[in-house]
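Coordinate analysis (summary)
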Amino acid sequence: MRTAIFSLLFIGAASALQAQAPAPDIKWGPAPPFFPKGAEFAVLQGDPSKDGEYTVRLKMPAGYMIAPHFHPTDENVTVISGAFRLGMGDVEDTTRTMTLKSGGFVTAGATMHHYARAVEPSVVQVHGMGPFAITYVNAKDDPRNGSTGY
């Protein structure tokens, strides 16, 4: 009986906390030009272009690909929704990727070459220490150089 009462109290308290915590007002816009077209981007915390902590989200359609690239700082990625494949290396190899689903987390260490593909419509959250920068392994894959995507 005590266990049942405790469980009900715990569930009630958790529900009350969720009801009191409003969902953040996320303002989506086009992703920055260092991402291929077709994704949306939102800044939740900080300024990713400057020194300091930042948190951003990237909303991608199914099949959206980010070609092999790396960052000067650690990139911490949490999958908010959907399914997202991540692989390490200089060339996309679908036999050597991990699929992360909602709640999945991974850290790509500074200068680690990696690539990603949204298996289905997906939202990922990225946080770390800025400035956030992306360098493509192959310059031809960089959308800033006129590439239309991988």
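Just above sits the structure.
Criteria and thresholds
- Residues numbered from 1 in each chain as written.
- Predicted model: local features only at pLDDT ≥ 70, side-chain atom pairs only at ≥ 80, totals over all residues.
- Heavy atoms only, no water.
- Buried < 20%, exposed > 50% of the residue type's maximum accessible area, 1.4 Å probe, protein only.
- Helix = DSSP H or I, 4+ residues; strand = E, 2+ residues; numbered from the N terminus.
- Pairing = 2+ DSSP bridges.
- Phe/Tyr/Trp six-rings, centres within 6.5 Å; stacked < 30°, edge-to-face > 60°.

1. Brief notes about the pairing of strand β8 (residues 105-108)
The alternating pattern of β8 places Val-106 and Ala-108 on a buried face and Phe-105 and Thr-107 on a face that is not buried. Alignment of strand β5 (residues 75-81) against β8, held across 4 bridges, turns out to be antiparallel. Bridging from a neighbouring strand, Glu-75 pairs with Ala-108 of β8.

2. A few points about the packing of aromatic side chains
Overall, the coordinates contain 5 aromatic pairs when judged by the stated rule. Taking 5.8 Å as the distance between ring centres and 70° as the angle between the ring planes, the aromatic pair formed by Tyr-54 and Phe-132 counts as edge-to-face. A residue pair is termed long-range when its members are at least 10 positions apart, and Tyr-54 in strand β3 (residues 52-60) and Phe-132 in the loop between β10 (122-130) and β11 (135-136) qualify at 78 residues. Exposure remark for Tyr-54: the relative accessible area of 1% places this residue in the buried category. Judged by its relative accessible area of 14%, Phe-132 falls in the buried class.

3. Considerations on unusual backbone geometry
Most peptide bonds take the trans configuration, and most residues that are not glycine carry a negative phi. Each neighbour pair has its own omega, and for Gly-130 with Pro-131 the value is 5°, a cis peptide bond. By secondary structure assignment, the location of Pro-131 is in the loop between β10 and β11. Unusually for a residue other than glycine, Thr-111 sits at a positive phi of about 65°. Following the sequence through the fold, Thr-111 ends up in the loop between β8 and β9 (114-118). Exposure remark for Thr-111: the relative accessible area of 52% places this residue in the exposed category.

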